[in-house]
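Each chain is listed here by its residues.
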Amino acid sequence: MDLTNPLVYGGPAFIIFILLELTYSKNHEEHHDLYDWKDLFASGFMGVGSAILAAALKVISAIVIFEFIFELCNPLVNGVHTNILGYQSFGYAWYVWLLCQLADDFTYYWFHRANHEIRILWAAHIVHHSSDNFNLGTAVRNGWFTLLYKPLFYMWMPALGFQPEMVVFCLGIEALWQFQLHTVLLPKLGIFEKFMNTHTMHQVHHAQNVEYLDKNHGGFLNIFDRLFGTWLELDDKIDVKYGVIHAPSSNNPIVILTHEFKDIWADMKKSKKISDKLMYIFGPPGWSHDGSTMTVKQQQKEFRVHAKQNPKSSFERPN
């Protein structure tokens, strides 16, 4: 089946919607500071670079890896691709498309969550969170290094019998949905909030408020966040602060792309123990061998204790 990646059409649409939101914000006083020019140019540079690299790596990730895994796990038996578990590999029926998109959403949740909970992956993903603005420009502020390992999370899908081009297409649909989530101009969506990952939920995800950290990792749906305990609704009473705790303080794309890797290297040199060095690489962000910094879970535990004991005073971030 000949399928065109949705991002072929999505790319130009991204630019149009960014320009529309930018124009709207500059003509409405309450949203006048939605965009910062230097920040937007940095995001745009990384977005273009990511698109170019994605096109180049598609041959490796989508064609070579997915095709190899599919053929390995679904060999031809009497002219029909048959999975090694004994059933015929999936075709292109409408319900298979729905199952594939659901499988994509499940995979995206764990891929996205891993990017927040494993520091070496966070070093690549922090690029997307490094802006203290939340707008459609931020949506294209993507790290380049995530492209190297993202396909590894999805290999189980062609192994199970989903056609490689179907997996790639569903990945493209997921990316389109993720793009439009990055706006504050849309209100809550009523009943859709019960099962969809919406704009207000993604505002929570991009916030650096302690109570909001590492929440709402979902793609289309919020059911996996609800199921695995990472869902949180936007509270209108909380003043949201976007970005990351330790921002790169630079609009230089190279600095934004690499600063967390440099921080990992600096932290590794703080301890001589191999186990500590490995934890600085593969442990959760914020972990430290001497307790000088804290993980998100440790911070949120202290936040809950503080809120219970001192409900009227503000919480001082330990990191």
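Rules used in this analysis
- Residues numbered from 1 in each chain as written.
- Predicted model: local features only at pLDDT ≥ 70, side-chain atom pairs only at ≥ 80, totals over all residues.
- Heavy atoms only, no water.
- Axes fitted to C-alpha atoms, helices over the stretch in contact; angles between N-to-C directions.
- Helix = DSSP H or I, 4+ residues; strand = E, 2+ residues; numbered from the N terminus.
- Parallel < 35°, antiparallel > 145°, perpendicular 65-115°, else oblique.
- Left-handed = near helix turned anticlockwise from the far one by under 90°.
- Contact = heavy atoms within 4.5 Å.
- Nonpolar A, V, L, I, M, F, W, Y, C, P; charged D, E, K, R; others polar.
- Core = buried A, V, L, I, M, F, W, Y, C linked by side-chain atoms within 4.5 Å.
- Buried < 20%, exposed > 50% of the residue type's maximum accessible area, 1.4 Å probe, protein only.

Interhelical geometry of helix α4 (residues 119–129) versus helix α11 (residues 253–268) gives an angle of 155° and a closest axis separation of 6 Å. Compared by their axis directions, α4 and α11 come out roughly antiparallel. Judged by the twist between their axes, the crossing of α4 over α11 is right-handed. Facing α4, whose interface residues are R119, I120, W122, A123, A124, I126 and V127, α11 presents I256, L257, H259, E260, F261, D263, I264 and D267. Its residues placed into classes, the contact of α4 with α11 shows 10 nonpolar, 1 polar and 4 charged.

To continue, consider the nonpolar core. Counting residues in hydrophobic clusters, the biggest one holds 22 residues, and the most contacted among them are F66, C100, Y154, M157, F162, M166 and V167. Contributions of two or more residues to this core are made by α2 (37–73), α3 (94–117), α4, α6 (146–154) and α8 (164–180). Among the elements that take part in this core, α3 stands out by supplying 7 residues, more than any other. With residues near it in sequence (within four places) discarded, Y154 still touches F66, D104, T107, Y108, L171 and E174. Counting residues in each nonpolar core, the second largest holds 10 residues, with F14, L40, L136 and F179 among its members.

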